[in-house]
Amino acid sequence: MKVKLLQKESAVGNFDFNDDAEPKNDVRNREDESYDDKENVILQKAHKVDDQLKVCPEKPDGLEGNRTCDCEDVSKETLQNMYPELKDGRLQPADCKARERLAIVIPFRDRYHHLHVLINMLIPLLKKQKADVTFFVIEQDDDVPFNRALLQNVGFLESQKVGAFNCYIFHDTDLVPMNFRIMYRCADNPRHFPVALKKYGRRTPKVMYKNSFGGIVALTKAQFLDVNGNSNLYFGWGGEDDDLLIRVETKAYKVKRENSSVYNRTTRQPSR
């Protein structure tokens, strides 16, 4: 299997996985200095942040309520012109020091329209929330069934080469947040964001099943390492999110679910 980073600014090359080899399922089984426990020191060295800036508020003022989905197609060039402050795939506040370094990992194949809509909807939200965020778009570049979980593992590992992040949000391309108050942050326990989906032009959002852990989840770096990341064995539709939930619960974490997190699904049906 081949995967590659679409973001040129964050690209670190192509990765070849031998289809005949046994999958390496342990994200901790890697000699990498960025896994050092001295994360605070690494964060200060890896990311240039003005030490004179005050820490951003936990919940900044001016976060609005519900929003409509701007689901019209937008080109990559238009996005670059709309958001010149997005440098090397990174967005950060200019007037305060963000509370954490956030990596948003987006598994991807072929859905350019959904990807551009998602980025266009996320940036205004993240700017309002004073987030220091870097986007990692991980593309599966072959014809075998899609492996969402493996791409998330790749995004996690490769992000370590770009910088030191302490919060990871794994984000489907076709889910866009419909409320500015959905805080894109990590917590003491893993978080699951979309509790309800508004899709196919329906007026009423549909509540997801009780133990859902798919679509969009947030884990700290320490939590993701603790649960040993995702399984690499799930090709095709479904199963990988339930597997990750089992890993999370096995480590005695209690998933935090956001009661007001409504998302708009921008595609009509799953396609892998």
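Because the structure is a prediction, the values reported are computed rather than measured.

Colleague: Would you mind showing me how to read the overall build of the protein chain here?
Modeller: Along the protein chain, the regular secondary structure elements total six helices and 13 strands. Looking at the protein chain as a whole, 51% of its 272 residues are labelled buried. Within the protein chain, counting contacts between residues at least 6 apart in sequence, those at least 24 apart form 82% of the total. Accessible area for the protein chain stands at about 14200 Å²; split by element, carbon and sulfur atoms hold 46% of it.

Colleague: I'm lost on the packing of aromatic side chains in this one. Help?
Modeller: Within a pair of aromatic rings, the relevant descriptors are the distance that separates the centres and the angle that separates the planes. The tally for this structure, following the rule as stated, stands at eight aromatic pairs. Ring centres 6.2 Å apart and planes at 15° place the aromatic pair Tyr-168 and Phe-170 in the stacked group. Accessibility expressed as a relative area gives 0% for Tyr-168, which makes it buried. Taken together, the ring pairs connect Phe-136, Phe-156, Phe-165, Tyr-168, Phe-170 and Phe-224 into an aromatic cluster. The ring of Phe-180 has Lys-128 sitting right over it, with the charged end atom 5.3 Å from the ring centre.

Colleague: Explain the confidence of the model for the protein chain here, please?
Modeller: Any region with low pLDDT has predicted coordinates that should not be read closely. With 71% of its residues at a pLDDT of at least 70, the protein chain reaches an overall mean of 79. This model gives residues 29–46 a pLDDT under 50, and the stretch forms 25 contacts once residues within four places in sequence are excluded.

Colleague: Honestly, the pairing of strand β4 (residues 101–108) in this entry has me stumped. Any pointers?
Modeller: In the case of a regular strand, side chains alternate between the two sheet surfaces. Here β4 lies mainly inside the structure; eight of its eight residues are buried. Residue alternation in β4 divides its side chains into two sets, Arg-101, Ala-103, Val-105 and Pro-107 and Leu-102, Ile-104, Ile-106 and Phe-108, and both sets are buried. Pairing of β4 with strand β5 (residues 132–140), which is carried by eight bridges, proceeds in the parallel orientation. Within the sheet, the bridge partner assigned to Ile-104 lies in β5 and is Phe-135. In this fold, β4 hands off to helix α3 (residues 112–128), which returns the chain to β5; that crossover is right-handed. Pairing of β4 with strand β6 (residues 167–171), which is carried by four bridges, proceeds in the parallel orientation. From the neighbouring strand, Val-105 faces β6, where its bridge partner is Phe-170.

Colleague: Can you walk me through unusual backbone geometry in this structure?
Modeller: Working note: non-glycine residues mostly have negative phi, and peptide bonds are mostly trans. Located in the positive-phi region is Lys-130, a residue other than glycine, with phi close to 60°. Mapping Lys-130 onto the fold places it in the loop between α3 and β5. Classification of Lys-130 by relative accessible area gives partly exposed; the value is 23%. Notably, Ala-252 is not glycine yet its phi reads approximately 70°, a positive angle. Mapped onto the elements of the fold, Ala-252 is located in the loop between α6 (240–250) and β12 (256–257). Judged by relative accessible area, Ala-252 falls into the exposed class, the value being 61%.

Colleague: I tried to follow the pairing of β5 on my own but got confused; where do I start?
Modeller: Among the nine residues of β5, nine are classified as buried, and the element is accordingly described as predominantly covered. Covered by surrounding structure in β5 are Asp-132, Thr-134, Phe-136, Ile-138 and Gln-140 together with Val-133, Phe-135, Val-137 and Glu-139, the residues of both alternating faces. Across two bridges, strand β3 (residues 90–91) lies against β5 in antiparallel orientation. Looking at the pairing, Arg-90 lines up with Thr-134 of β5.

Colleague: I keep staring at the pattern of salt bridges and nothing clicks. Help me out?
Modeller: Think of it this way: side chains of opposite charge can pair up when their charged atoms draw near. With the rule as written, the count across this model stands at eleven salt bridges. For Arg-111, the salt bridge identified is with Asp-174, shortest N-O distance 3.4 Å. Placement of Arg-111 in the loop between β4 and α3 and of Asp-174 in the loop between β6 and β7 (175–177) is noted, with a sequence separation of 63 residues between them. For the residue pair Arg-111 and Asp-174, the accessibility class agrees, reading buried in each case. One salt bridge connects Lys-161 with Glu-158, and the closest N-O pair in it is separated by 3.2 Å. In this pair, Lys-161 and Glu-158 are both assigned in helix α4 (residues 148–162), three residues apart and thus about one turn of the helix distant. Judged by its relative accessible area of 48%, Lys-161 falls in the partly exposed class. Overlapping salt bridges bring together Arg-90, Arg-101 and Asp-132 as one network.

Reading guide: rules and limits
Residues numbered from 1 in each chain as written. Predicted model: local features only at pLDDT ≥ 70, side-chain atom pairs only at ≥ 80, totals over all residues. Heavy atoms only, no water. Helix = DSSP H or I, 4+ residues; strand = E, 2+ residues; numbered from the N terminus. Buried < 20%, exposed > 50% of the residue type's maximum accessible area, 1.4 Å probe, protein only. Contact = heavy atoms within 4.5 Å. Areas by Shrake-Rupley, 256 points an atom, 1.4 Å probe, with all protein chains shown as cover. Phe/Tyr/Trp six-rings, centres within 6.5 Å; stacked < 30°, edge-to-face > 60°. Lys NZ or Arg CZ within 6 Å of the ring centre and 35° of its normal. pLDDT = per-residue confidence, 0-100. Pairing = 2+ DSSP bridges. Right-handed = clockwise from strand over helix to strand, strands pointing away. Salt bridge = Lys/Arg side-chain N within 4 Å of Asp/Glu carboxyl O.

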